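Architecture at a glance
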Amino acid sequence: MAEATARLHALVATAPTAQLAEAFAAAGHELALVGGPVRDAFLDRAVTDLDFASSATPDEILSIIAPLADATWDVGREFGTIAARIGDDTIEITTYRADSYDGVSRKPQVAFGDTLEGDLVRRDFTVNAMALRVTPLRGEQMTDGSPQLVDVGGGLEHLLAGVLDTPQAAEQSFDDDPLRMMRAARFAAQLGFDVAPRVVTAMTELAERIRDISAERVRDELTKLLLTAEPVPGIRLLTDTGILDRVLPEVPALRLEADEHAHHKDVYEHSLTVLQQGIALEASRHPDAAPDLVSRLAGLLHDIGKPDTRRIEGRVVTFHQHDLVGARLAKHRLKALRFDNDTVKAVARLVELHLRFYGYGEQAWTDSAVRRYVRDAGPQLERLHILTRSDVTTRNRRKAERLEFAYDDLEQRIAELREQEEMDAVRPDLDGEQIMAILGLKPGREVGEAYRMLLEHRLEEGPLGPERAEAVLRDWWAARAC
């Protein structure tokens, strides 16, 4: 605790907090460091952006910070928030708030509050509802010049106990903003906290209210959850409370389907394992890279085609073409959640391709088959490596080792062929302009057919060279004319 207190005092005593405190106090307004920075200082986590709350209105905030800031901008003036850059720090200052939902609108109804305590009690969770007052109350003096911790809901106690709870009744908190139910799952995963039973009960009872939230806000919160180091506990909480049924119903539906390997309780459990294994592979293969949303979405969704393709043939459960069905379902759901087109396309492609590797260990692939694997994966090849490897969840050690060895071999062959043939740019030996010049054609369907024919030869035989490619092209054209 002493170390945490020292970290908090350091935040207050150094720029830009000290500069802001002096400026707001001189203007007769209150200022407090709130939420995440206070929580993270107690948890010994890195404090990045600084968030403040103030008695000043947005216009007053702007006038106070303008002389100190290198730049200011409105990140949400209608919500009372002004952002600024002061030196190397990015800060946000928000007028005391008391926003809520009216039960009809999909956006919060904003009302400015009068006190810091009133602002804090309306926040999502007690661990985020702590503040460090860095200026005196209006009309008063700091008793000893030290910042004052303001904790309206027992946030410090909950933080030390590793419990996520709400400052007010959970039902009221979630009624004010139903997205907080998803935030509960995200913070539980991010901080490794248990969720208070009353919060879980409220999430279950109010799960339908998540439909009041716009797809964009749901998407953003789901993204934040998936980008945590261990999102699985949060996904379980959303599933168990029924919220994921309203947000990403294809995932809870997997609980009903037996995994064909019979080594997991169901495909739902298998999918969560694939997601977590994929995250571990991300870290080991690319330790300095940022978390990859596309890979994580693909890991979670790769088997969502199984419920629609499940068939019982004798004593065997089959899921024929679940990869193709799953790709369509993933595209539809991600579009509904307003993910960008590049993300939708990449995830759907990975779901579609996730079974391509199986069979490699049983029969030798030709160089042509390896080239096709690379060509079909395109820019998603590295993600496909991660997905395919993480999809091995069997507890049969010999089988797991055999699959790992086979994929090691495939990656080695890809590397060797890439070195020999520059496989990253697998194209015909003649481009469209050359095809038109040789055959005397104008742009049109026949040029595309010729291009695809030469590409097939390239994939089957490797580089042909311009002269041989021209001979193949002329032979094809002559045979076509017969």
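Calculation rules
Residues numbered from 1 in each chain as written. Predicted model: local features only at pLDDT ≥ 70, side-chain atom pairs only at ≥ 80, totals over all residues. Heavy atoms only, no water. Helix = DSSP H or I, 4+ residues; strand = E, 2+ residues; numbered from the N terminus. pLDDT = per-residue confidence, 0-100. Contact = heavy atoms within 4.5 Å. Phe/Tyr/Trp six-rings, centres within 6.5 Å; stacked < 30°, edge-to-face > 60°. Buried < 20%, exposed > 50% of the residue type's maximum accessible area, 1.4 Å probe, protein only. Lys NZ or Arg CZ within 6 Å of the ring centre and 35° of its normal. Pairing = 2+ DSSP bridges. Axes fitted to C-alpha atoms, helices over the stretch in contact; angles between N-to-C directions. Parallel < 35°, antiparallel > 145°, perpendicular 65-115°, else oblique. Left-handed = near helix turned anticlockwise from the far one by under 90°. Nonpolar A, V, L, I, M, F, W, Y, C, P; charged D, E, K, R; others polar.

Here we take up unusual backbone geometry. As a rule of thumb, non-glycine residues mostly have phi less than zero, and peptide bonds are mostly trans rather than cis. Positive phi values are uncommon outside glycine, yet D44 reaches one of about 60 degrees. Mapped onto the secondary structure, D44 falls in the loop between α3 (36-42) and β2 (50-54).

On to the confidence of the model for the protein, then. For the protein, per-residue confidence averages 87 on the pLDDT scale, and residues scoring 70 or more make up 91% of the total. Taken as a whole, residues 257-265 scores under 50 in pLDDT and shows 22 contacts with residues more than four places along the chain or in a different chain.

Right, let's get into the packing of aromatic side chains. For any pair of aromatic rings, the description rests on two quantities: the centre-to-centre distance and the angle between the ring planes. As enumerated under the stated definition, the model contains five aromatic pairs in all. Between the aromatic rings of F357 and Y407, the centroid separation amounts to 4.7 Å while the plane-to-plane angle is 65 degrees, which identifies the pairing as edge-to-face. Highlighted residues: F357 in the loop between α17 (341-353) and α18 (367-377) and Y407 in helix α20 (residues 397-421), separated in sequence by 50 residues. Neither residue differs from the other here; F357 and Y407 are each classed as buried. By the ring-pair criterion, three or more aromatic residues cluster together here, those being F357, Y358 and Y407. Looking at R186, its charged tip hangs above the ring of F187, at a distance of 4.5 Å from the centre. Here the basic side chain of K306 rests over the ring of F319, its NZ or CZ set 4.9 Å away from the ring centre.

With mixed pairing, seven strands are arranged side by side in an open sheet as β3-β4-β5-β2-β1-β6-β7. The two strands at the open ends of the sheet, each matched to only one other strand, are β3 (71-76) and β7 (148-151). Averaged over all pairs of adjacent strands, the angle between their axes in this sheet comes to 30 degrees, without regard to strand direction. Here three bridges tie strand β1 (residues 31-34) to β2, and the two strands are oriented antiparallel to one another. The residue of β2 that forms the bridge with A32 is A53.

Another aspect to go through is the packing of helix α11 (residues 232-240) against helix α13 (residues 267-285). Working note: a packed helix pair is described by the angle between its axes plus the distance between those axes. Here α11 crosses α13 at 150 degrees, and the two axes come no closer than 10 Å. When the axes of α11 and α13 are compared, the pair comes out roughly antiparallel. Considering only the axes of α11 and α13, their crossing is right-handed. Across the interface between the two elements, V232, I235, R236 and T239 of α11 pack against Y268, E269, L272, L275 and Q276 of α13. Here the residues of the contact of α11 with α13 sort into five nonpolar, two polar and two charged.

Another aspect to go through is the pairing of strand β5 (residues 89-95). Sheet topology places β2 next to β5; five bridges connect them, and they run parallel. Paired with D51 across the two strands is E92, which belongs to β5. Note that strand β4 (residues 81-86) and β5 share six bridges and pair antiparallel. Bridging across to β5, I82 finds its partner in I93.

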